Amino acid sequence: VTGVTLRATLTRVFFDQTMFAPLFLGGLFSGGLLLEGRPEAVATKLQKDLPITVLMNWSVWVPSMLIMFRFVPAPLQVRDTVSLCVYGCVSLRVP
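So, a few notes on the structure that sits alongside this text. (Residues numbered from 1 in each chain as written. Predicted model: local features only at pLDDT ≥ 70, side-chain atom pairs only at ≥ 80, totals over all residues. Heavy atoms only, no water.)

1. As for a nonpolar patch on the surface
Together, Ile-52, Leu-55, Met-56 and Trp-58 line one region of the surface with nonpolar side chains, adding up to about 400 Å² of accessible area. Locating Leu-55 in the fold gives a position in helix 2 (residues 42–71). (Patch = residues over 30% accessible without salt bridge, like charges linked within 9 Å, V, L, I, M, F, W, Y side chains within 5 Å. Areas by Shrake-Rupley, 256 points an atom, 1.4 Å probe, with all protein chains shown as cover. Salt bridge = Lys/Arg side-chain N within 4 Å of Asp/Glu carboxyl O. Helix = DSSP H or I, 4+ residues; strand = E, 2+ residues; numbered from the N terminus.)

2. Some thoughts on the nonpolar core
Grouped together as the largest cluster of nonpolar side chains are 5 residues: Val-13, Trp-61, Met-65, Met-68 and Phe-69. With 4 residues, the single largest contributor to this core is helix 2. (Core = buried A, V, L, I, M, F, W, Y, C linked by side-chain atoms within 4.5 Å. Buried < 20%, exposed > 50% of the residue type's maximum accessible area, 1.4 Å probe, protein only.)

3. Remarks on the packing of aromatic side chains
All chains considered together, the criterion is met by 2 aromatic pairs. A cation sits over an aromatic face here: Arg-12 above Phe-69, 5.3 Å from the ring centre. (Phe/Tyr/Trp six-rings, centres within 6.5 Å; stacked < 30°, edge-to-face > 60°. Lys NZ or Arg CZ within 6 Å of the ring centre and 35° of its normal.)

4. Overview of the packing of helix 1 (residues 6–35) against helix 2
Between helix 1 and helix 2, whose axes approach to 8 Å, the crossing angle comes to 145 degrees. Classified by chirality, the crossing of helix 2 by helix 1 is right-handed. Tallied by class, the residues present in the contact of helix 1 with helix 2 amount to 19 nonpolar, 6 polar and 5 charged. (Axes fitted to C-alpha atoms, helices over the stretch in contact; angles between N-to-C directions. Left-handed = near helix turned anticlockwise from the far one by under 90°. Nonpolar A, V, L, I, M, F, W, Y, C, P; charged D, E, K, R; others polar.)

5. Focus on the environment of Leu-25
Following the sequence through the fold, Leu-25 ends up in helix 1. Considered as a pair, Leu-25 and Asp-49 are 24 residues apart in the sequence and their alpha carbons are 9.9 Å apart.

In structure tokens form, the structure reads like this:
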């Protein structure tokens with residue numbers, strides 16, 4: 001989706017937050033547990049923590065991405081670096 005219209009912005013945020021975010025967070029949780037040598041805990045962790053983590057993710061990222069996609073030129077968007085830092089912090093805080 002290209003452009004900075006309201007429709008293009010809403011479309012980008014929608015697809016990013018409904019497709020990418022849950023998959024990325026699930027992969028982050030799963031990968032962490034697999035690296036810890038606890039593959040049996042993956043399903044429980046995803047069932048218990050993924051829904052609330054996705055909701056918290058939306059409370060932070062939907063407003064910030066709406067602003068960024070609408071007003072910041074594409075070459076200046078730093079979402080990947082910021083996302084990596086925030087997701088890293090979130091993964092350390094969720095027991």
